[in-house]
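As a plain string of letters, each chain reads:
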Amino acid sequence: MPPTSPSSAAPESAPGGPVPPSRIDEPLPTRLRDLPHTTWPLIALLVGFPVWWILGLGVFSFVICAVPMALVLLNRRPLRFPPGFGLWVLFLIWYLVSLSMLDRNPPGAYGDLDAGRVISVLVRLVVYLASAVIALYVGNLTERELPRLALVRMLGALFITTTLGGLLGVVYPDFHVPPLFGMLLPGRLRGDAFVQNIINPTAAQITWVGSVKAIRPEGPFEWANTWGNNYSILLIWFVLGWFVYASRRRRMLGLGILLLSMVPVVYGLNRGLWVGIGLSVVYVLVRLALRGRAMALGVGAATLVLGGALFAMSPLYDQVQTRLDNPQSNSIRAYTRAKTIEATFTSPIIGYGNTRYAVGSDKTVVTGKTEACPECKHPPLGSDGQLWLLLISQGFVGAGLYVMFFLNAIRRYWRDISPIATGGVLTMLLVLFYMTIYDGLYTPMPLYLLSFAVMWRNGMDLSPPRVEPIAVRAKRARDKTLTAARTRRLLESKTRRAALAARTNGTPIRIGEGRRERHDGPAGGAE
């Protein structure tokens, strides 16, 4: 079983199998430059992500860094595998099986088996494989090679990058840098709209919500919805690294960063992100209530109410109300989801290997590219979230294997109440929620598996992180104070007994009798 608290005794075996205990007497590296060379791919990925983005390689950075990570794994014997990893392997196998349907189209949809369809399928496969490699790489590093606290704070560094990118989109939405990587691509490929979107470092998407011009931050990721997805996942690890496992100075700095990050969250007009943050808050409050943390629960609820009141009085409230009053994408989402399910039932076992274009739309059966509207096109089936993509691509079986992998992680680590496991379970819950509204590709998927690996590492290691959470430190301080008071009372009692024994020449006497002596005089005294 997992440990019952961060400072509790470690179990003899971990969910990932028996592992040797950590040597507590050995100091762990605390700075990035002190980490061994085997960790540089992860440092380059998470801390150096702004460089990848400016170069136009932000989407491909996880795949590129997975190559040296795989080389590190090749030199590891024996390799450790996380619990439930077989489900992910089966999902990849089913992905390959579904490719046999690439040349077929479901009723009510169309599409040609061209280079674009093949390339998109291969890119998704590479992302799934790279995500698995990243998880195995993190899980096979020892605590001395990569302390969990350092790993959590590197994810927090990527959250800071996400916050800065969001603020850049709000302040300077027209920000654009010609990508160096794009200059190396052929002109025809470089001119493709999809390729331009994933290689061009842009800070925001500009859309119209009703009559209001909306600026939706997306830097340093590929789309505004992806920014919201990644923000909520990285927020969990930022809170752990900058509030739970942190000094007072780091917590004060983290509070400032967190408040700044709320600006792009609101201006992004991302309803899915707002719901995800609300679910995260409810989850934390419920876990605190189940653990009997009444004080922490009260403080959290009071902070939530106060924050809501301040937000309602701020100018940002009008931005949110405008978005809620203009749900422009609801009708097209409902249409494509219904069509996706219809197409899935025509090939329920293995799907069709990839997405297809619907014939018609939610408003008319006559859609597509015309001379009057060269940018118009049919709505793609499976583009409204990872779940719908999996259904039409890999059928109910492939989608089921994907869901079972994350459900198994929740089941296995739910009873572990350590902060890292609690944050990991919350991440897995958000993955299942976001799969109904967000695509898990391209940068979110590696972050999903990386978050899973953090929780897996925490379950394998037999010792808690060296920096203890605030609640543990506070409880230790209270216990120390109570112990000191108890010791002081015992000493006073022993001193009083010794004084009474001396006054009675060593004859045992009860404390009550000693009190009577103080009033009536010592027994046997002169009359």
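Residues numbered from 1 in each chain as written. Predicted model: local features only at pLDDT ≥ 70, side-chain atom pairs only at ≥ 80, totals over all residues. Heavy atoms only, no water.

Asker: Would you mind showing me how to read the overall build of the chain here?
Answerer: In terms of helices and strands, the chain carries 19 helices and five strands. Classification of the 527 residues of the chain by burial places 46% in the buried group. Residue pairs at least 24 apart in sequence account for 79% of intrachain contacts in the chain once pairs closer than 6 positions are excluded. (Helix = DSSP H or I, 4+ residues; strand = E, 2+ residues; numbered from the N terminus. Buried < 20%, exposed > 50% of the residue type's maximum accessible area, 1.4 Å probe, protein only. Contact = heavy atoms within 4.5 Å.)

Asker: Help me understand the side chain of Q386, please; the structure alone is not making it clear to me.
Answerer: Residue placement: Q386 occurs in helix α15 (residues 386–413). With sequence-adjacent residues up to four places away left out, Q386 is seen in contact with Y128, Y402, M435, Y438, D439, G440, L441 and M445.

Asker: Hey, could you run me through α15 in this one?
Answerer: Every α-helix carries 3.6 residues per turn, so stepping three or four residues along brings you back to the same face. With 28 residues, α15 should reach 40 Å at 1.5 Å per residue; the first-to-last C-alpha distance of 24 Å falls well below that figure. Residue Q394 marks the point of greatest curvature in α15, where the axis turns by about 130°. (Expected span 1.5 Å × (residues − 1). Bend = angle between axes of the 7 residues up to and from the residue.)

Asker: Whenever I open this one, the confidence of the model for the chain confuses me. Can you help?
Answerer: Where the model shows low pLDDT, its predicted coordinates should not be examined in detail. When the pLDDT values of the chain are averaged, the result is 80; 76% of them are 70 or greater. For the chain, the element scoring lowest by mean pLDDT is helix α19 (residues 511–520), at 47; helix α4 (residues 85–98) scores highest, at 96. With pLDDT under 50 throughout, residues 1–25 is counted as low confidence; its partners more than four residues away or in other chains account for 42 contacts. (pLDDT = per-residue confidence, 0-100.)

Asker: Teacher, can you tell me more about unusual backbone geometry here?
Answerer: For residues that are not glycine, phi is negative in most cases, and the peptide bond is trans in most cases. P78 follows R77 through a cis peptide bond whose omega is -5°. Inspection of the secondary structure assignment puts P78 in the loop between α3 (61–74) and α4. A cis amide bond links L441 with the next residue in sequence, Y442, at an omega value of 20°. Mapped onto the elements, Y442 comes out in the loop between α16 (419–434) and α17 (444–460).

Asker: In this structure, what is going on with the sheet that holds strand β4 (residues 356–358)? I would like to understand it.
Answerer: In a beta sheet, neighbouring strands are held together by backbone hydrogen bonds and run either parallel or antiparallel to one another. Overall, antiparallel pairing links the three strands, which are arranged β1-β4-β5 in an open sheet. Across the chains shown, the open sheet's two edge strands, defined by having one partner strand only, are β1 (109–110) and β5 (380–381). With two bridges connecting them, β4 and β5 associate as antiparallel partners. From the neighbouring strand, Y357 faces β5, where its bridge partner is P380. (Pairing = 2+ DSSP bridges.)

Asker: Explanation requested: helix α10 (residues 248–267) in the structure shown.
Answerer: The end-to-end C-alpha distance of α10 is 30 Å, a good match for the 28 Å that 20 residues give at a rise of 1.5 Å each. Here α10 has its buried residues at G254, I257, S261, P264, V265 and V266. With its phi angle positive at about 50°, L269 sits one or two positions after the end of α10.

Asker: Is there a simple way to think about a nonpolar patch on the surface in this case?
Answerer: A cluster of nonpolar side chains, V282, V286, L290, W414 and L429, forms an exposed patch at the surface whose accessible area comes to about 450 Å². The dominant element in the nonpolar patch, judged by the number of residues it contributes, is helix α11 (residues 271–290), at three residues. Along the chain, W414 falls in the loop between α15 and α16. (Patch = residues over 30% accessible without salt bridge, like charges linked within 9 Å, V, L, I, M, F, W, Y side chains within 5 Å. Areas by Shrake-Rupley, 256 points an atom, 1.4 Å probe, with all protein chains shown as cover. Salt bridge = Lys/Arg side-chain N within 4 Å of Asp/Glu carboxyl O.)

Asker: Help me understand the packing of aromatic side chains in this model?
Answerer: Centre distance and the angle of the planes are the two values used to describe a pair of aromatic rings. Across all of its chains, the model carries 29 aromatic pairs by this definition. Ring geometry for F81 versus F85: centroids 5.8 Å apart, planes at 35°, classification tilted. Overall, F81 belongs to the partly exposed group, its relative accessible area being 44%. Judged by centre distance (5.4 Å) and plane angle (25°), the rings of F238 and W242 are stacked. Of the two residues, F238 and W242 are both situated in helix α9 (residues 224–244); the distance of four residues between them amounts to about one turn of the helix. Comparing F238 with W242, the two get one shared label, buried. Ring pairing ties together the aromatic residues W88, F91, Y95, Y128, Y402, F405, F406, Y448 and F452, which thus form one cluster. Against the face of W242 rests R250, its NZ or CZ located 4.6 Å from the ring centre. In this arrangement the basic side chain of R287 is found over the ring face of W414, its NZ or CZ atom lying 4.5 Å from the centre. (Phe/Tyr/Trp six-rings, centres within 6.5 Å; stacked < 30°, edge-to-face > 60°. Lys NZ or Arg CZ within 6 Å of the ring centre and 35° of its normal.)

Asker: For this particular structure, what's the right way to read the pattern of salt bridges?
Answerer: Pairs can form between side chains of opposite charge whenever their charged atoms are close. Within this structure, the stated rule accounts for four salt bridges. For the salt bridge of R148 with E143, the shortest nitrogen-to-oxygen distance reads 3.1 Å. In this structure, K339 engages E342 in a salt bridge whose closest nitrogen and oxygen atoms are separated by 3.8 Å. With K339 and E342 both in helix α14 (residues 330–345) and three residues apart, this pair spans about one turn of that helix. Three or more residues are tied together by salt bridges with common partners; here these are E143, R148 and R457.

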